[in-house]
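Results of the structural survey
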Amino acid sequence: MTIDSKDNSQNTGHQMHDLLARLFPMNRSLTGEGVRETLKIIQEYLPELKTVEVPSGTQCFDWKVPQEWRVNHAFIIDPDGNKICDFSKNNLHLVGYSRPYSQTLSLDDLLKHLHTLPEMPNAIPYITSYYRDYWGFCLTDTQKQKLIPGDYQVVVDTELFNGSLTYGELYLPGETQDEVLVSTYICHPSMANDELSGPVVSTFAAQLMSAKERRLSY
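Description of the structure in this document. (Residues numbered from 1 in each chain as written. Predicted model: local features only at pLDDT ≥ 70, side-chain atom pairs only at ≥ 80, totals over all residues. Heavy atoms only, no water.)

Turning our eyes to something else, we now look at unusual backbone geometry. What is expected of a backbone is that most residues other than glycine have negative phi and most peptide bonds are trans. A positive phi is found at Phe-61, a non-glycine position, where the angle reads about 55°. Within the element layout of this structure, Phe-61 appears in the loop between β2 (59–60) and β3 (63–64). Owing to a relative accessible area of 81%, Phe-61 belongs among the exposed residues under this scheme. (Helix = DSSP H or I, 4+ residues; strand = E, 2+ residues; numbered from the N terminus. Buried < 20%, exposed > 50% of the residue type's maximum accessible area, 1.4 Å probe, protein only.)

This is the structure in structure tokens:
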């Protein structure tokens, strides 16, 4: 998929927004199918983009590639039988890298695993727990304030297993070997400014640069 040279900046903006809208709902984290599917979609715009798989446990300077994380289902059933914090409705509801868990808890015990932003009462926060044994849910503070005492059924159906981390790389050679490095990340789900603005702008900038004569390599 390429940018039509006759398109004006407004049409290019619409194309960028369309890409962002496709990528926005995917569950992305450090690892997993959401990352791979995101890169696959970007390859529609940049066919020369190569993907690399780095196995779990690989040492990278002072960091080690973590296990792969997969979410099957995650939700809470309140005392009235209503399903709340449903991952299938919004992937921000589940704390990133939550460990598997299935129990019935009192409201007091459940509150220890709930996260909100009181200063932004209608926003669902993005919380991760990459490196500790933990599970949790995120919801709006408005929702939290409406929770009633009673028993809550918690279901966190996730998997952690040895897999790989996936990244994409594109090289645009120039007249010289002097390089400009453009780096962006795709490990956050369902966010725009703190995520998809970087990949989308980088994708369209790479398309434009690939069609030009270049003194520098990118």
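Here the narrative resumes.
With that settled, consider the pairing of strand β4 (residues 68–77). Burial of β4 is extensive: 7 of the 10 residues sit out of reach of the surface. Pairing analysis gives 9 bridges linking β4 to strand β9 (residues 151–161), with the strands arranged antiparallel. Its bridge partner being in β9, Glu-68 is matched across the sheet by Phe-161. As judged from the 2 bridges shared by β4 and strand β5 (residues 83–84), these two strands associate in the antiparallel manner. Residue pairing across strands places Ile-77 opposite Lys-83, the latter belonging to β5. Counting the residues that bridge the hairpin from β4 to β5 gives 5 residues, and of these Gly-81 lies at a positive phi of roughly 85°. (Pairing = 2+ DSSP bridges.)

Let us look at the layout of surface pockets. Vacant regions in the atomic arrangement are exposed by a probe of water-molecule size rolled over the atoms. As a volume, the largest pocket reaches approximately 1100 Å³. Taken together, 31 residues form the lining of the largest pocket, with Gly-168, Glu-169, Val-182, Ser-183 and Thr-184 sitting closest to its centre. Counting residues per element, the ones that place at least two in the lining of the largest pocket are α2 (33–45), β10 (164–169) and α5 (192–210). With 6 residues, α5 is the largest single contributor of residues to the lining of the largest pocket. (1 Å grid on protein atoms, 1.4 Å probe; cavity = no way out; pocket = protein on both sides within 12 Å on 5 of 7 lines; lining within 4 Å. Points joined across faces, edges and corners; volume = space filled by probe spheres on them.)

The next thing to look at is the sheet that holds strand β6 (residues 101–106). Strand pairing in a sheet takes place through backbone hydrogen bonds and is either antiparallel or parallel in direction. The strand order across the open sheet formed by 4 strands is β5-β4-β9-β6, and the pairing between neighbours is antiparallel. The sheet is open, and its two borders are formed by β5 and β6, each paired with just one other strand. Pairing geometry for β6 and β9, over 6 bridges, is antiparallel. Pairing of Gln-103 across the sheet is with Val-154, part of β9.

Along the polypeptide, Ser-56 turns up in the loop between β1 (50–55) and β2. Polar contacts involving the side chain of Ser-56 include one to the main-chain carbonyl oxygen of Pro-66, which spans 3.0 Å. One polar contact links the side chain of Ser-56 to the main-chain amide nitrogen of Gly-163, over a distance of 2.9 Å. Setting aside anything within four residues of it in sequence, one finds Ser-56 in contact with Val-65, Pro-66, Gln-67, Glu-68, Phe-161, Asn-162, Gly-163 and Ser-164. (Polar contact = N/O pair within 3.5 Å; in protein donor to acceptor, adjacent residues only side chain to side chain. Contact = heavy atoms within 4.5 Å.)

The subject of this paragraph is α2. With 13 residues, α2 should cover 18 Å at 1.5 Å per step; its first-to-last C-alpha distance of 19 Å lies within 8% of that length. Listing the buried residues of α2 in full gives Gly-34, Val-35, Arg-36, Thr-38, Leu-39, Ile-41, Ile-42 and Tyr-45. (Expected span 1.5 Å × (residues − 1).)

Counted according to the given criterion, the structure contains 1 cavity of 30 Å³ or more. The space that makes up the largest cavity amounts to roughly 60 Å³. Tallied by class, the residues present in the lining of the largest cavity amount to 6 nonpolar, 4 polar and 1 charged. (Nonpolar A, V, L, I, M, F, W, Y, C, P; charged D, E, K, R; others polar.)

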